Every structure is written in C-alpha cells, then in structure tokens.
Amino acid sequence: MPVAQLDRVAAYEAEGWRFKSSRARQDGPVIRQRTRPPLRTPQPASSSPLELPLEAGTITHDVFMREALKEALAAYEDNEVPVGAVIVHENRVIARAHNQRELLKDPTAHAEMIAITQAAAALNNWRLIGAAIYVTLEPCAMCAGAMVLARIGRLVYGAADPKAGACGTLYNIVQDARLNHQIDIVQGVLAGDCAQLLREFFAERRESP
C-alpha cells in the first residue's frame, strides 16, 4: 500500500473503540475466505432489512451509523480500507455496502457508489428522493457527485477526511448552490469509532512485512 495512503491515518480524528482483526490474533499465514459475493451488481440490501419505528426518541443517527460500521468491519476483514455505508428510505435500510476496490479491481467501487446502485435497484428509480445515506468516512468528490446526481436527501457521516473529504472539509460538493440539488449534512456521528477502525487498519498495514 502506498506510503501516502498509510499516512492518511494520522489525520483521522478522535478516540473511539479499538478494533482488533481476527487476522492479527492468528499464527502463521492467513487464508482469507470471503463469505459474501461482490455487491457491485444491483440487489436488495438483505433478506431481512432493518426496520425501526418512527416514534419520538426511539431512533437516532447512531443506530444507522452502527449498521454502516458493520459494513466497514466487513471491509476490514476483506483487507479493504474499512469504509461502510447504508442507505435508509422511510426508516428502512434498503442498501448496504463496503469498499470493494481490491476485490473488484475497480477504482470506483467505494461503499457509497455500490450502495447507491443497490438503492436505485431497490426503489426501481435512479432518483433517491427522501433517502439518507450513512457513511463511516466523509465521502470523496466522486461519491459526493454521485449523491447529488441521485438526489439523496441527507448525508450522515462519521469521521472527517482531511485528505479527500468533499462534503465540508476540502470541498462541499453536496451543498454547492451552483448545482441543481443540495443535500443536508450531519457530521461526526460516531466519529471516534469510525476513525479508530481506520487507524487500526492502517497501523496493521504498517506492521506487515
């Protein structure tokens, strides 16, 4: 992994959980077994998507961000940069994904891009009006642009990305008034947990021969 990419970890914010990979606790060579197929092709998020009531006080952004963190952990175990995303529509998770660039050899296979494709298939509509996307790391320029094109209503992200963040840090593509759609942003949800997972991942890569 390029040194420049490894150096990104120092900039991620805040304290949080420490995530220990099962790979780090094993002796000898590691054989990675993938338990799920690539999710680049459109398909439902799961056979039993998360559904939660809308009563006041029963639902918070943390609930859905923890679902995105589950996806980020799946990426970690697949030796992908641990970023996860879920898309919620009418209080229901309709798409979930994580980074798959290494698996698919595709520079566009970010968690957000895969989740957007899934959500469009689930709704049978490329316009994701009324949907919210939860992402563990601030989206890059590519993903931010895709969110605008998809007409997503709200972005909720965890850790800020000072190297590539395009939703308030380096740029703010999703709220640029020159574009024909703007997206509400909620920043810093479980930021410490999201950032700590990235730190654990990159620290492990530094220690690898």
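Residues numbered from 1 in each chain as written. Predicted model: local features only at pLDDT ≥ 70, side-chain atom pairs only at ≥ 80, totals over all residues. Heavy atoms only, no water.

A. Molecular detail of the overall build of the chain. If you tally the helices and strands in the chain, you get six helices and five strands. Reading the helices (α) and strands (β) of the chain from amino to carboxyl end gives α-α-β-β-α-α-β-α-β-β-α. Expressed as a percentage of the 209 residues in the chain, the buried residues total 47%. (Helix = DSSP H or I, 4+ residues; strand = E, 2+ residues; numbered from the N terminus. Buried < 20%, exposed > 50% of the residue type's maximum accessible area, 1.4 Å probe, protein only.)

B. Structural view of the pattern of salt bridges. Throughout the structure, instances matching the rule amount to four salt bridges. Where Lys70 meets Glu67, a salt bridge forms, and the shortest distance between an N and an O atom there is 3.0 Å. Of this pair, Lys70 and Glu67 both sit in helix H2 (residues 61-77), separated by three residues, roughly a single helical turn. Residue classification places Glu67 among the buried positions, given a relative accessible area of 10%. Here Arg178 and Asp176 are joined by a salt bridge, their closest N and O atoms 2.7 Å apart. Ionic contacts of the salt-bridge type, sharing partners, join the residues Glu67, Lys70 and Arg96 into one network. (Salt bridge = Lys/Arg side-chain N within 4 Å of Asp/Glu carboxyl O.)

C. Examining the nonpolar core more closely. Ile87, Met147 and Leu155 are the most contacted members of the largest nonpolar core, which totals 56 residues. Counting only elements with at least two residues in this core, the list comes to H2, strand E1 (84-89), strand E2 (92-98), helix H4 (111-123), strand E3 (131-137), helix H5 (141-149), strand E4 (154-159) and helix H6 (191-207). Leave out the neighbours within four places in its chain, and Ile87 touches Arg92, Val93, Ile94, Ala95, Ala115, Ile116, Ala119, Leu128, Ala131, Ala132 and Ile133. (Core = buried A, V, L, I, M, F, W, Y, C linked by side-chain atoms within 4.5 Å. Contact = heavy atoms within 4.5 Å.)

D. Structural detail: H5. Those residues of H5 that fall on the buried side of the exposure criterion are Cys143, Ala144, Ala146, Met147 and Val148. Structurally, H5 contributes buried residues whose contacts are with H4, E3 and E4.

E. Region of the structure containing unusual backbone geometry. We note that Glu90 has phi near 50°; this positive angle belongs to a residue other than glycine. Glu90 gets classed as exposed once you look at its relative accessible area, which sits at 68%. One non-glycine residue, Arg151, adopts positive backbone phi at about 60°. Considering the arrangement of structural elements, one finds Arg151 in the loop between H5 and E4.

F. Representation of the state of the cysteines in the model. This model, assessed by the stated rule, comprises zero disulfides. Lacking any disulfide linkage, Cys167 is separated from the closest cysteine sulfur, that of Cys140, by 8.4 Å. (Disulfide = S-S within 2.5 Å.)

G. Molecular detail of the pairing of E2. Taking burial as the measure, the seven residues of E2 include six buried ones, the bulk of the element. Pairing analysis gives six bridges linking E1 to E2, with the strands arranged antiparallel. Bridge pairing in E2 links Ile87 to Ala95. Here E1 folds back onto E2, and the loop between the two strands holds two residues, one of which, Glu90, carries a positive phi near 50°. (Pairing = 2+ DSSP bridges.)

H. Representation of the pairing of E3. With respect to burial, E3 is a largely interior element, seven of its seven residues being buried. By the bridge criterion, five bridges tie E1 to E3 in an arrangement that is antiparallel. For Ile87, the partnering residue across the bridge sits in E3 and is Ile133. Taking the sense of rotation as the criterion, the β-α-β connection linking E3, H5 and E4 turns out right-handed. (Right-handed = clockwise from strand over helix to strand, strands pointing away.)

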